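Structure assessment
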Amino acid sequence: MIKNITNLGDAALYCDFGDKVNKEINSNVINCFKNLQKAKIKGITNISPSYNKLIISFDLKITNFGLLKKKLKI
């Protein structure tokens, strides 16, 4: 589960899954990563997972931080 979503520059957002690094949190990151790949949301140009974070880059001509944040709040 995503704990916080913040801006990362003007064309990316940063999804924080928590401060800990463990299998459960990493599994949540990977599941979110795979779901976003399958969803093929217009405007997303790159998705970069790490142990407990996910960075999503997007094209400002197609979408913006607010719209993507709403789509991620599930």
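This is a predicted model, so every value here is computed, not measured. (Residues numbered from 1 in each chain as written. Predicted model: local features only at pLDDT ≥ 70, side-chain atom pairs only at ≥ 80, totals over all residues. Heavy atoms only, no water.)

The subject of this paragraph is the pairing of strand 1 (residues 4–7). Side chains on a regular strand alternate between the two faces of the sheet. Here four bridges tie strand 1 to strand 2 (residues 12–16), and the two strands are oriented antiparallel to one another. Residue pairing for strand 2: T6 is matched across the bridge by Y14. Where strand 1 folds back on strand 2, the antiparallel hairpin that results is connected by four residues, among which G9 adopts a positive phi of roughly 75°. (Pairing = 2+ DSSP bridges. Helix = DSSP H or I, 4+ residues; strand = E, 2+ residues; numbered from the N terminus.)

Read across the open sheet, the four strands follow the order 1-2-4-3; overall the sheet is antiparallel. Either end of the sheet is taken by a strand with one partner, and the two such strands are strand 1 and strand 3 (44–49). Across the sheet, the mean angle separating the axes of adjacent strands is 20° when strand polarity is ignored. Packed onto the sheet, helix 1 (residues 23–39) meets strand 3 and strand 4 (53–58) and runs at close to 160° relative to strand 3. (Axes fitted to C-alpha atoms, helices over the stretch in contact; angles between N-to-C directions. Contact = heavy atoms within 4.5 Å.)

Here strand 2 runs beside strand 4; their pairing, made up of five bridges, is antiparallel. Looking at strand 4, one finds that A12 is bridged to S57. Summarising the sheet, strand 3 and strand 4 pair through five bridges and their orientation is antiparallel. Its bridge partner lying in strand 4, N46 is registered against S57. In this structure, the hairpin formed by strand 3 and strand 4 is closed by a connection of three residues.

Interpretation in functional terms is not warranted from these geometric data alone.
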